[in-house]
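Close look at the chain arrangement
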Amino acid sequence: MGKIQQYRLAWLTAFFGVILGVSSCVETVENEILAYSNDFSDLNLAGFENGKLFIWRNDTLAGYYHNEEVAVNLKDLPPHNYLKLSIEILIHDTWDGNPLDSLSGPDYWYMGLDQSETFRTTFSNTPCESTYCLYQSYPNQYFRQNRPKTGAIQTNLPGLCIFGAFQNYTTRYRVEQLIEHTNPDVRVFMGGELKQLNSPDPVCDESWSVASIQVFAIQTNR
Ligand SMILES: [Ca+2]
Ligand SMILES: [Ca+2]
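Procedures and definitions
- Each chain carries its own residue numbering, running from 1 in the written order of its sequence.
- As a convention, the first chain written is A and the first ligand written is 1, with the rest following in written order.
- Under the rules for a predicted model, residues below a pLDDT of 70 receive no local features and side-chain atom pairs below 80 are neither given nor counted, while totals for whole chains, interfaces and linings still include all residues.
- Each side-chain value is derived from all of the structure's non-hydrogen atoms; neither hydrogens nor water enter the calculation.
- Listed donor atoms are N, O and S within 2.8 Å of the metal (Na, K and Ca: 3.2 Å). As water is not included, a site may look incomplete.
- Helix numbering and strand numbering both begin at the N terminus, where a helix is a DSSP run of H or I of at least 4 residues and a strand a DSSP run of E of at least 2.
- Throughout this description, buried means an accessible area under 20% of the type-specific maximum (1.4 Å probe, protein chains only), exposed means over 50%, and partly exposed covers the range between.
- The term nonpolar core refers to a set of buried residues drawn from Ala, Val, Leu, Ile, Met, Phe, Trp, Tyr and Cys, joined through side-chain atoms within 4.5 Å.
- Any pair of residues with heavy atoms lying within 4.5 Å of one another is described as a contacting pair.
- Note on geometry labels: four donors, all angles 85 to 135 degrees, give tetrahedral; four donors become square planar and six octahedral when opposite donors are over 155 degrees apart and every other angle is between 65 and 115; remaining cases are irregular.
- By this definition, two strands are paired if DSSP reports at least two bridges between them.
- A pair of Phe, Tyr and Trp rings is counted when the ring centres sit within 6.5 Å of each other, with Trp represented by its six-membered ring. The angle between the planes then sorts it: under 30 degrees is stacked, over 60 is edge-to-face, the rest tilted.
- Whether a charge sits over a ring comes down to the Lys NZ or Arg CZ being within 6 Å of the ring centre and within 35 degrees of the ring normal.

Attention now goes to the coordination of the calcium ion (ligand 2). Within the protein, the atoms that donate to the calcium ion (ligand 2) are Asp96 (OD), Ser104 (O), Asp107 (OD), Asp107 (OD), Lys195 (O), Gln196 (OE1), Glu206 (OE) and Glu206 (OE), at distances of 2.3 to 2.6 Å. Look at where the donors of the calcium ion (ligand 2) fall in the sequence and you get D-x7-S-x2-D-x87-K-Q-x9-E. In this structure the calcium ion (ligand 1) is found 3.6 Å away from the calcium ion (ligand 2), and Asp96 serves as a bridging donor for the pair. With Asp96 in the loop between β6 (82-93) and β7 (108-113) and Gln196 in the loop between β11 (186-193) and α2 (202-205), this pair connects stretches of sequence that are 100 residues apart. Accessibility assignment for this pair places Asp96 and Gln196 in one class, buried.

Once that is clear, we can look at the nonpolar core. The biggest cluster of nonpolar side chains holds 33 residues, and the ones touching the most others in it are Trp109, Val188, Met190, Trp208 and Ile213. Of all the secondary structure elements, the ones that give two or more residues to this core are β4 (59-65), β5 (69-74), β6, β7, β10 (170-180), β11 and β12 (206-220). Other than its neighbours up to four places away in sequence, Trp109 contacts Ile89, Trp95, Phe119, Arg120, Thr121, Phe123, Val175, Met190, Gly191, Gly192 and Trp208. Counting residues in each nonpolar core, the second largest holds seven residues, with Trp56, Leu61, Leu160 and Ala211 among its members.

Taken together, Thr94 (O), Thr94 (OG1), Asp96 (OD), Gln196 (OE1), Asp205 (OD) and Glu206 (OE) make up the protein donors of the calcium ion (ligand 1), found 2.3 to 2.5 Å from the metal. Classification of the site at the calcium ion (ligand 1) as irregular follows from its six donor atoms and the range of 60 to 154° in their angles at the metal.

This part covers the sheet that holds β11. In space, the five strands of this open sheet follow the order β2-β5-β11-β7-β8, with antiparallel pairing throughout. A single partner strand is all that each edge strand has here, and the edge strands are β2 (48-49) and β8 (116-122). Pairing geometry for β7 and β8, over six bridges, is antiparallel. By the bridge assignment for β8, Tyr110 is matched with Arg120.

Within the element layout of this structure, Lys75 appears in the loop between β5 and β6. Accessibility expressed as a relative area gives 61% for Lys75, which makes it exposed. Linking Lys75 and Asn183, residues 108 residues apart in sequence, is a C-alpha distance of 9.3 Å. If near-sequence neighbours (up to four positions away) are discounted, Lys75 is found in contact with Pro184 and Asp185.

Looking now at the packing of aromatic side chains. For the coordinates displayed, the defined rule picks out 15 aromatic pairs. Summarising the aromatic geometry, the rings of Phe40 and Phe48 are spaced 5.8 Å apart at their centres and angled 65° between planes, so their arrangement reads as edge-to-face. Where Phe119 meets Tyr138, the ring centres are 6.1 Å apart and the plane angle is 80°; that geometry is what we call edge-to-face. With Phe119 in strand β8 and Tyr138 in the loop between β8 and β9 (154-157), this pair connects stretches of sequence that are 19 residues apart. Of the two residues, Phe119 and Tyr138, both sit in the buried class. Here a set of aromatic residues connected by ring pairs shows up, and it is made of Tyr65, Trp95, Trp109, Phe119, Phe123, Tyr138, Tyr173 and Trp208. Lys84 extends its terminal NZ or CZ atom over the ring of Phe216, reaching a point 4.6 Å from the ring centre. Between Arg120 and the ring centre of Tyr108, over which it is positioned, the NZ or CZ distance is 4.9 Å.

Moving on, we get to unusual backbone geometry. Residue Gly63 is joined to Tyr64 through a cis peptide bond whose omega torsion reads -5°. Residue placement: Tyr64 occurs in strand β4. Cis geometry is found at the peptide bond from Gly105 to Pro106, where omega equals 0°. By the secondary structure assignment, Pro106 is in the loop between β6 and β7. The phi dihedral of Asp76 is positive, around 55°, even though this residue is not glycine. In this fold, Asp76 is placed in the loop between β5 and β6. Despite not being glycine, Asn168 shows a phi value in the positive range, around 65°. Tracing the backbone through its elements, the reader meets Asn168 in the loop between β9 and β10.

Geometric descriptors of this kind do not, in isolation, establish any biological role.
In structure tokens form, the structure reads like this:
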């Protein structure tokens, strides 16, 4: 091999080495498909477990729920190595957030795929003063001390039950999660673990409902 050929070979090796190095390090999205979208406006509960609907302020919602789990089973999703979930939920009435006082909290909300819980947090709808504040974990996982309603997309809604006559007692959130997943079928679940031992009607004291669920199938170059 002549000197020029050796030089060319070395150069080509370096060149393709850089290309391969870049492509193996940087993960880019090749395809993103909205595989499932349900805002319950057409009363569609196909594939649901514990699905139930009610109308609140001219909007059809799934719920309302207390210490319950709701799930939707989806089949034949487009090829993917990630799923992105975007779920809008409404947190009604007197959620208490983080406190470990054995009477009123923590008030957990969680979600996950198949058998795996991927997100667990708490919400608080309580007024927050300098002398008294029940913090929530959202938008982080439990346990973090964020002020009530941190990360909300809407707060000026009345409560559903015990504080149905009062503004600012329902809070709307859009919870988003990007999760590694490849199987064409999936079970998306979410649930509440609420505690209100000093209330004669805990379901009226605090509850939650689902306004919409979107599932995106994402394929990257990996
Ligand atoms: Ca409460
Ligand atoms: Ca509570």
